[in-house]
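Structural description and commentary
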Amino acid sequence: MRLSVVVPCFNEEASVERLHETVRTALAALPDVDVEVVYVDDGSEDGTLAVLRRLAAADPGVCYLALSRNFGKEAAMLAGLRRATGDAVVIMDADLQHPPRLLPEMVTLYRQGFDQVIARRDRRGDRFVRKMASRSFYRAINWWIDVRLLDGAGDFRLLSRLAVDAILAMPEYNRFSKGLFSWIGFRTAVVAHHNELRQAGRSRWSFGKLFNYAFDGLLSFNNRPLRLAIYGGLFLTLIAVAYMAWVVADAVEKGIDVPGYTTIIVSVIGLGGIQMMLLGVIGEYIGRIYYETKRRPHYLVRETERLVAEADEG
Ligand code: UDP
Ligand code: MG
């Protein structure tokens, strides 16, 4: 069988070489597997691309793509998946947080007929706040969206050709990959491993970015926030009608009086706030539609090991 390993890299010059060795070592245990490693340089500003060129020159099993700028991990993964030719494809990070020693076990499960093998990490060594935030995120999102997301299941996974083609058949611009992977379904197995701390470089995830990512997840899988807006509006209307009836009854019984301007101000501000929030939600969906309708490519490629070879000959 042929196995492709797809690695998105953004400023990973300190890790890539070590990762490559570790992957090679791990897969040496499977002599009957033909390995292709696809590195995607996502517009790195350090020496990552130079390292990739060197790896590709030294190892015929390596190919790489360099994107024209930083397009984000989702786009880089897509580029790698499109390029990969294997019967099965593993996606993993360059920073060694996804331990290559799991590869043989994942391949074994693939051979047993699983189309997705998810490597699931625990939260060892994560800071308490982060741990709690992730836990609430998963609880909220699983209650909210139609697909199931597993805490600790990231992008480190093996996909069969069937699953890869399913992912590639989804052309959307907003790619919330955790959701996409779950959406396609197929027979799925899980391999558990301990959380690895980053070996070098640093993570691009600030708390604010994670928060936005969580928001993306909540909005990108269905239109339930809009449904919630309808119910919320209905609820407030009913309250207003009841209150109005009460005010009218009160006026009929006791005569007209003009109290309660605080009530008016509070309800004007409160309702204004709710309306703005709901407009924001609608705006988010419209924004997504806007991006989807442009049908721009997800990324642009500026160099591959083949393009360089051609340039050298010319
Ligand atoms: N990455 C990428 N493009 C980006 C950001 C990250 O290709 O814009 C890659 C990065 O090089 C790494 C993987 O995605 O291989 C995961 O990134 P990171 O370690 O920063 O995320 P974390 O592990 O903290 O979730
Ligand atoms: Mg990482």
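The rules behind these values
- Residues numbered from 1 in each chain as written.
- Chains lettered and ligands numbered in written order.
- Predicted model: local features only at pLDDT ≥ 70, side-chain atom pairs only at ≥ 80, totals over all residues.
- Heavy atoms only, no water.
- Patch = residues over 30% accessible without salt bridge, like charges linked within 9 Å, V, L, I, M, F, W, Y side chains within 5 Å.
- Areas by Shrake-Rupley, 256 points an atom, 1.4 Å probe, with all protein chains shown as cover.
- Salt bridge = Lys/Arg side-chain N within 4 Å of Asp/Glu carboxyl O.
- Helix = DSSP H or I, 4+ residues; strand = E, 2+ residues; numbered from the N terminus.
- UniProt positions renumbered as here; feature names shortened; annotations may be inferred.
- Buried < 20%, exposed > 50% of the residue type's maximum accessible area, 1.4 Å probe, protein only.
- Pairing = 2+ DSSP bridges.
- Right-handed = clockwise from strand over helix to strand, strands pointing away.

**Considering a nonpolar patch on the surface**
A surface patch of nonpolar side chains, amounting to about 570 Å² of accessible area, comprises Tyr-261, Ile-264, Ile-265, Val-268 and Ile-269. Tracing the sequence through the fold places Ile-269 in helix α10 (residues 261-294).

**Let's talk about the UniProt feature "transmembrane region" (unreviewed entry) in the chain**
Within the UniProt annotation, "transmembrane region" (unreviewed entry) is assigned to residues 228-249 and 261-286. Structurally, residues 228-249 comprises 100% helix and 0% strand, and the distance from its first C-alpha atom to its last is 32 Å. The annotated region residues 261-286 carries 100% helix and 0% strand content, and the separation between its end C-alpha atoms amounts to 37 Å.

**Here's the deal with the pairing of strand β3 (residues 62-67)**
Buried residues dominate β3, accounting for 6 of its 6 residues. Here β3 shows no split at all, with Val-62, Tyr-64 and Ala-66 on one side and Cys-63, Leu-65 and Leu-67 on the other all buried. Pairing of strand β2 (residues 34-41) with β3, which is carried by 5 bridges, proceeds in the parallel orientation. Bridge pairing links Val-40 to Leu-65 in β3. You can see the chain leave β2, run along helix α2 (residues 48-58) and come back into β3, and the turn it takes is right-handed. Looking at chain direction, β3 and strand β8 (residues 301-304) are connected through 3 bridges and run antiparallel. Of the residues in β8, the one forming a bridge with Leu-67 is Val-301.

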